[in-house]
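The primary structure of each chain is shown beneath.
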Amino acid sequence: MTESVIVLDQIQKHYGDLKAVKDISLKIEQGEIYGLLGPNGAGKSTTIKMICGVVKPTAGKGYVLGYDVYKNSNEIKNSIGYMSQKFSLYEDLTVMENIVFFANIYGINRLETKERIMQIVEMAGLVGREKQLTKNLSGGWKQRLALGCAIIHKPKLLILDEPTAGVDPVSRRLFWEMLFELSKQGITILVTTHYMDEAQSCDRVGFVFSGTKLTEGTPEGIIESYKAKNLEDVFIQLVERETNTSIRHSFENLKFIRGEAQ
Ligand SMILES: Nc1ncnc2c1ncn2[C@@H]1O[C@H](COP(=O)(O)OP(=O)(O)OP(=O)(O)O)[C@@H](O)[C@H]1O
Ligand SMILES: [Mg+2]
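Rules used throughout
- Residues numbered from 1 in each chain as written.
- Chains lettered and ligands numbered in written order.
- Predicted model: local features only at pLDDT ≥ 70, side-chain atom pairs only at ≥ 80, totals over all residues.
- Helix = DSSP H or I, 4+ residues; strand = E, 2+ residues; numbered from the N terminus.
- Rg over C-alpha atoms; globule rule 2.2 N^0.38 Å.
- Buried ≥ 20, exposed ≤ 12 C-beta atoms within 10 Å, placed from the backbone.
- Contact = placed C-beta atoms within 7 Å.
- Pairing = 2+ DSSP bridges.
- Core = buried A, V, L, I, M, F, W, Y, C linked by C-beta atoms within 7 Å.
- Near = placed C-beta within 6 Å.
- Expected span 1.5 Å × (residues − 1).
- Axes fitted to C-alpha atoms, helices over the stretch in contact; angles between N-to-C directions.
- Parallel < 35°, antiparallel > 145°, perpendicular 65-115°, else oblique.
- Left-handed = near helix turned anticlockwise from the far one by under 90°.
- Nonpolar A, V, L, I, M, F, W, Y, C, P; charged D, E, K, R; others polar.
- Arc of directions from axis to C-beta.

Trainee: When you look at the overall build of the protein chain in this model, what are you seeing that I'm missing?
Mentor: Looking only at helices and strands, one finds ten helices and ten strands in the protein chain. A compact globule built from 262 residues would reach a C-alpha radius of gyration of about 18 Å, and the protein chain, at 20 Å, matches this within 12%. Each of the 262 residues in the protein chain was classed as buried or not, and the buried ones make up 37%. Pairs at least 24 residues apart make up 66% of the contacts formed inside the protein chain by residues separated by at least 6 positions.

Here's what the structure looks like:
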């Protein structure tokens, strides 16, 4: 039996009284593209940070590529590729300098670095922009460069926290084409996104709400079981159910806009 790439068993993270993650169990298999979905503040980034070994869980168990999230955070950090929700590149370095910087962090030798740089620049569509300062790249280019930097050490697992936020549809498609190729190579991908078209492209998705996983499955399976038109409808149904409010209702409270007496 092959071991799952990510195993979380009732993982929790508390910040004082706030339970950012209350109880999340998860199993992600090799080569899967798994999408973690849920509203703002649901606990997606906190879960991801525990998986990456950046944040220590309060309780529960977690194994990533066979490493224990409590004891082996350095091994985990060295073996995965991670794009954090906030921009992960150095703005004052050029495209090339950023790639070299990440290659150095991961201890890749000069010969390999040289070989990989050109391949990454090409994959990211950045040929001719090698000397451009990263801060002058548009959002889509930056995210593709960040993905390139995250894979320079050939990680078996890629963790991407909202990698395409604010990126135009063409650049998002290009970014996802890269993810499909990486997945075909057997690389496991855990991604968070608020774009439901992207969620639809995942092998499986999990919906998180208020630190708990509500449901999980293939996009088609979930849509069917919620009798919904698409994942966006499932998302809205779940949030409405959990918060006991309807989206329409929030607008109905705005009486002054609708010209009604206050
Ligand atoms: N370091 C921290 N200290 C205190 N509270 C935190 C910390 N990090 C996160 N939180 C809180 O934990 C909860 C979950 O946050 P998290 O960033 O995991 O949500 P998210 O699902 O990634 O949301 P978004 O979609 O907006 O990125 C939020 O209430 C947040 O304010
Ligand atoms: Mg987040």
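Trainee: In this structure, what is going on with the pairing of strand E4 (residues 59-64)? I would like to understand it.
Mentor: Along any regular strand the residues' side chains alternate between the sheet's two faces. By the bridge criterion, five bridges tie strand E1 (residues 6-15) to E4 in an arrangement that is antiparallel. Of the residues in E4, the one forming a bridge with glutamine 12 is alanine 59. Turn length for the E4-strand E5 (residues 67-68) hairpin, with the two strands adjacent in sequence and antiparallel, is two residues, and the turn residue leucine 65 shows positive phi of about 50°.

Trainee: Hey, could you run me through the pairing of strand E6 (residues 80-83) in this one?
Mentor: Along E6, one buried face is formed by Ile80 and Tyr82 and the opposite face, lined by Gly81 and Met83, is buried too. Relative to strand E7 (residues 157-161), E6 is paired through four bridges, and the arrangement is parallel. Within E7, the residue paired with isoleucine 80 across the bridge is leucine 157.

Trainee: Hey, could you run me through the nonpolar core in this one?
Mentor: One broad trend across soluble globular proteins is that nonpolar side chains are buried collectively. Membership of the largest hydrophobic core comes to 66 residues, with the highest contact counts inside it found for Ile51, Leu145, Leu158, Ile159, Ile189 and Leu190. In terms of residue count, the dominant contributor to this core is helix H5 (residues 139-151) (seven residues). Residue contacts for leucine 158: discarding those within four places in its chain leaves Gly81, Ala150, Ile151, Leu182, Ile187 and Ile189.

Trainee: Would you explain the site of ligand 1 in this entry?
Mentor: The full set of residues close to ligand 1 is Tyr15, Leu18, Ala20, Gly38, Asn40, Gly41, Ala42, Gly43, Lys44, Ser45, Thr46 and Gln85. At the level of elements, strand E2 (18-28) and helix H1 (44-51) are the ones that each hand at least two residues to the shell around ligand 1. Looking at which element gives the most residues to the shell around ligand 1, the answer is H1, with three residues.

Trainee: When you look at unusual backbone geometry in this model, what are you seeing that I'm missing?
Mentor: Only a minority of non-glycine residues have a phi that is not negative, and only a minority of peptide bonds are not trans. Unusually for a residue other than glycine, glutamine 10 sits at a positive phi of about 50°. Inspection of the secondary structure puts glutamine 10 in strand E1. For glutamine 10, a count of 14 C-beta atoms within 10 Å gives the class partly exposed. One non-glycine residue, asparagine 244, adopts positive backbone phi at about 60°. Given 7 C-beta atoms within 10 Å, asparagine 244 falls into the exposed group.

Trainee: For this particular structure, what's the right way to read helix H4 (residues 110-123)?
Mentor: Structurally, the α-helix is built with 3.6 residues per turn, so residues lying three or four positions apart point the same way. Compared with an ideal rise of 1.5 Å per residue, which puts 14 residues at 20 Å, H4 spans 20 Å between its outermost C-alpha atoms and is within 8% of the ideal. Note on H4: the residue one or two positions beyond its end, glycine 125, has a positive phi of about 70°.

Trainee: Honestly, the packing of H5 against helix H6 (residues 169-184) in this entry has me stumped. Any pointers?
Mentor: In a pair of packed helices, the angle between the axes and the distance between the axes together describe the arrangement. Between H5 and H6, the least distance of the axes is 9 Å, while the angle of their chain directions is 15°. When the axis of H5 is compared with that of H6, the two are roughly parallel. Note on packing geometry: the crossing formed by H5 with H6 is right-handed. Contacts from Gly140, Gln143, Arg144, Leu147 and Ile151 of H5 reach H6 at Ser171, Leu174, Phe175, Met178 and Leu182.

Trainee: Got a minute to help me understand the packing of helix H3 (residues 95-105) against H5 in this structure?
Mentor: One way to put it is that H3 packs onto H5 with a least axis distance of 8 Å and a crossing angle of 25°. Viewed along their axes, H3 and H5 adopt a mutual orientation that is roughly parallel. Two packed elements cross with a definite hand, and for H3 against H5 that hand is right-handed. Mapping the contact onto sequence places Val95, Asn98, Ile99 and Phe102 in H3 and Leu145, Gly148 and Cys149 in H5. When the residues that make up the contact of H3 with H5 are grouped by side-chain class, the tally is five nonpolar, two polar and no charged.

Trainee: I keep staring at H6 and nothing clicks. Help me out?
Mentor: Between its terminal C-alpha atoms H6 stretches 22 Å, which fits the 22 Å expected from 16 residues at 1.5 Å a residue. Taken together, the buried positions of H6 are occupied by Arg172, Phe175, Trp176, Leu179 and Leu182. Taken down its axis, H6 places every buried residue within 110° of arc, on the same side. In this structure, H6 carries Val170, Glu177, Phe180, Glu181 and Lys184 as exposed residues pointing more than 90 degrees from its buried face.

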